[in-house]
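Residues per chain, in single letters:
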Amino acid sequence: MRALVISGGGSKGAFAGGVAQFLIQEAQHDYDLFVGTSTGSLLISHLALNKLDKIKNIYSSVNQDSIFNNCPFIIKKKYGVETIAINHWNVLKNFIKGKKTFGESENLRKLIRRSITVEEFNELKESNMDVVVTVSNLSLNQVEYKSINDCTYDEFCDWIWISSNYTPFMSLVKKNGCEYADGGLGTLVPIEEALNRGATEVDVVVLHTEINYLNRMSSKNPFDLITTIFGFVLDRIENQNIRIGKFVANQKDAIINFYYTPTILTTNSLIFNKERMTLWWKRGYLYAKNKNEETSPIEPERQE
């Protein structure tokens, strides 16, 4: 059984889309299982349906307004570098309404429902493929994996949305009596889950460089500091997920093919820039193409 796993990474998901496009269209990889976290969850349904042009168009046209109905920050650009600062009025509005987060992402929920139709959901459910999204149950302090085979259309759309909610900047969702948030808070790269579901070969797109090249600038404001702290924590989670995935693969005699980003795409994946994301999609495609050509006729670099 072959699986495609896509990590979390916000706007960097455009790069993963390009990698997946090459693997599916050109390398002709036939996947039985798709597992995603956060932005990976947004991609995998369309990838499973082979609706590559559709999801590419979404990722090349999305912006802040597509995601947030109440955006908690403003984007500032100085000397060509983009930074974020608190939008005090929007954050205050959210608190006045009794919300627990700085911002709200209801627009993303609507976008998901517009982009995945009931007919497409039923087509996936009737297929032999499994599509699984990762969510974090904060109430029970555990990570949960939601398969399309266990969900109704409304439930599955909500789980995709929940998986992508980068709390506390985006919505905190109460469902089934529990509070849920971004799957990346628990499992950023769900390799282990793919292996536990029977995958014997896994293509993994990690939206981070394999070696850390980043030396962050000093934080400009409290909001910038919070994103830096979250970035640090998520990097540690990612490293742990990859180590565990490699260990489980060795135990199960499975193969992992890694596709990392070759360069640092952005230091803030909450900034959705249409032109930049369009470029990242192209870079992802070319990176996967070059990686496969360099190793041909041998398979891409593997962890055995």
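Residues take numbers from 1 onward in each chain, read along the sequence in its written order. The predicted nature of this model means local features are confined to residues of pLDDT at least 70 and side-chain atom pairs, given and counted, to a pLDDT of 80 or more, with totals for whole chains, interfaces and linings taken over all residues. The side-chain numbers reported here are obtained from all heavy atoms of the structure, hydrogens and water having been left aside.

A. Spotlight on the overall build of the protein. Numbering of helices and strands runs from the N terminus; a helix is a DSSP stretch of H or I covering at least four residues, while a strand is a stretch of E covering at least two. A tally of regular secondary structure across the protein gives 11 helices and 11 strands. Computed over its C-alpha atoms, the radius of gyration of the protein comes to 18 Å, within 12% of the 19 Å expected for a compact globule of 304 residues. In terms of its C-alpha atoms, the protein occupies a principal-axis envelope of roughly 55 × 45 × 35 Å. Here's how the labels work: a residue is buried when its accessible area is under 20% of the maximum for its type, exposed when over 50%, partly exposed in between, all with a 1.4 Å probe on protein chains only. A burial count over the protein gives 55% of its 304 residues as buried. Partitioning the contacts of the protein with sequence separation of at least 6, the portion at a separation of at least 24 is 77%. Methods summary: accessible areas were calculated by the Shrake-Rupley approach with a probe of 1.4 Å, and residue burial reflects only the protein chains presented. Carbon together with sulfur atoms contributes 49% to the accessible area of the protein, which is approximately 14,100 Å² in total. His is not counted here, nor are the chain ends, while Lys and Arg score as positive and Asp and Glu score as negative. Charge positions are represented by NZ for Lys, CZ for Arg, CG for Asp and CD for Glu. When the 34 positive and 35 negative side-chain charges of the protein are each reduced to one mean point, those points stand 9 Å apart. Just to be clear, the radius of gyration here is over C-alpha atoms, and the globule rule we use is 2.2 Å times residues to the power 0.38. Note on definitions: a residue-residue contact is assigned when non-hydrogen atoms from the two residues lie within 4.5 Å.

B. Region of the structure containing the packing of aromatic side chains. Planes of paired rings set the category: under 30 degrees apart is stacked, over 60 is edge-to-face and the rest tilted, where pairs are Phe, Tyr or Trp rings (Trp by its six-membered ring) whose centres lie within 6.5 Å. In the structure shown here, the tally under the stated rule is 14 aromatic pairs. Centre to centre, the rings of tyrosine 31 and phenylalanine 34 are 5.6 Å apart; their planes meet at 65 degrees, and the pair counts as edge-to-face. Per residue, the accessibility class of tyrosine 31 equals that of phenylalanine 34, and both read buried. Measuring from ring centre to ring centre gives 5.7 Å for phenylalanine 68 and phenylalanine 73, while their planes differ by 85 degrees; the resulting arrangement is edge-to-face.

C. Representation of the pairing of strand S10 (residues 255-260) in the model. Burial analysis of S10 places six of its six residues in the buried class, which makes it a mostly covered element. Of the two faces of S10, the one holding Ile255, Asn257 and Tyr259 and the one holding Ile256, Phe258 and Tyr260 are both buried throughout. Examined bridge by bridge, strand S9 (residues 201-206) and S10 share six bridges and lie parallel to one another. Of the residues in S10, the one forming a bridge with valine 202 is isoleucine 256. Note on pairing: two strands pair once DSSP finds at least 2 bridges between them.

D. Representation of helix H7 (residues 118-126). Every buried residue of H7 is accounted for by Glu120, Phe121 and Leu124. Each buried residue of H7 lies within a common arc of 100 degrees when the element is viewed along its axis, so the set occupies one face. In H7, the exposed positions angled more than 90 degrees off the buried face are occupied by Glu119 and Glu126. Among the structural elements, helix H2 (39-48), helix H3 (52-59), helix H6 (106-115), strand S5 (130-137) and helix H8 (153-163) are those in contact with the buried residues of H7. The reported arc concerns the directions from the helix axis to the C-beta atoms and nothing else.

These figures capture arrangement, not role.
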